[in-house]
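Given next are the chains, with one letter for each unit.
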Amino acid sequence: MTDLTEVGFVGLSAALFAVGLFGILTRRNFILLLIAIEIAMNAAILNFVYFAAYSSGTAGLTGQSIAVVLVGFAATEVAVGLGIVLVLNRVKGTINVAQATELKL
């Protein structure tokens, strides 16, 4: 039998992932695309932290460790993504994803 909080956390995580996936598939603005990727990654982090809190033994530490690594990966993704946005804006004059097929001068 599942606990109500389990259904709530998994439901919240699924809703966040759905919003992030919708944003990834529909956005053309590069910054909004980065935000959608962050939302989807936060859904995964929420799942890892919740299930780590309710698992026994070393599985809890594994889930928390994966969550910390994902937070670091998300920060790296934002730094690289914003660098690409700056170059794209400088070269093409827009931050439209469709214009990012080639970044040659």
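Model, not experiment: these values are computed from the prediction.

Draft legend 1. Region of interest: the nonpolar core. Listed in full, the five residues of the largest apolar core are M41, I45, A67, L70 and A74. Put simply, the parts of the chain that give this core at least two residues each are α2 (30–53) and α3 (58–92). With three residues, the top contributor of residues to this core is α3. Once residues lying within four places of it in the same chain are set aside, the contact partners of A74 are E38 and M41.

Draft legend 2. Just the packing of aromatic side chains, in detail. This structure, assessed with the given rule, holds two aromatic pairs. Judged by centre distance (4.7 Å) and plane angle (25°), the ring pair of F9 and Y50 falls under stacked. Taken together, the positions of F9 in helix α1 (residues 4–26) and Y50 in helix α2 put the pair 41 residues apart, joining distant regions of the chain. Aromatic pair Y50 and F51: ring centres 5.4 Å apart, planes at 70°, arrangement edge-to-face. Pairwise contacts between aromatic rings join F9, Y50 and F51 into one cluster.

Draft legend 3. Main features of the environment of R28. Note on placement: R28 falls in the loop between α1 and α2. A sequence separation of 73 residues divides R28 from T101, and the C-alpha atoms of the two residues are 12 Å apart. For R28, the contacting residues outside a window of four places in its chain are I95, N96 and V97.

Cut-offs used in this document
Residues numbered from 1 in each chain as written. Predicted model: local features only at pLDDT ≥ 70, side-chain atom pairs only at ≥ 80, totals over all residues. Heavy atoms only, no water. Core = buried A, V, L, I, M, F, W, Y, C linked by side-chain atoms within 4.5 Å. Buried < 20%, exposed > 50% of the residue type's maximum accessible area, 1.4 Å probe, protein only. Helix = DSSP H or I, 4+ residues; strand = E, 2+ residues; numbered from the N terminus. Contact = heavy atoms within 4.5 Å. Phe/Tyr/Trp six-rings, centres within 6.5 Å; stacked < 30°, edge-to-face > 60°.

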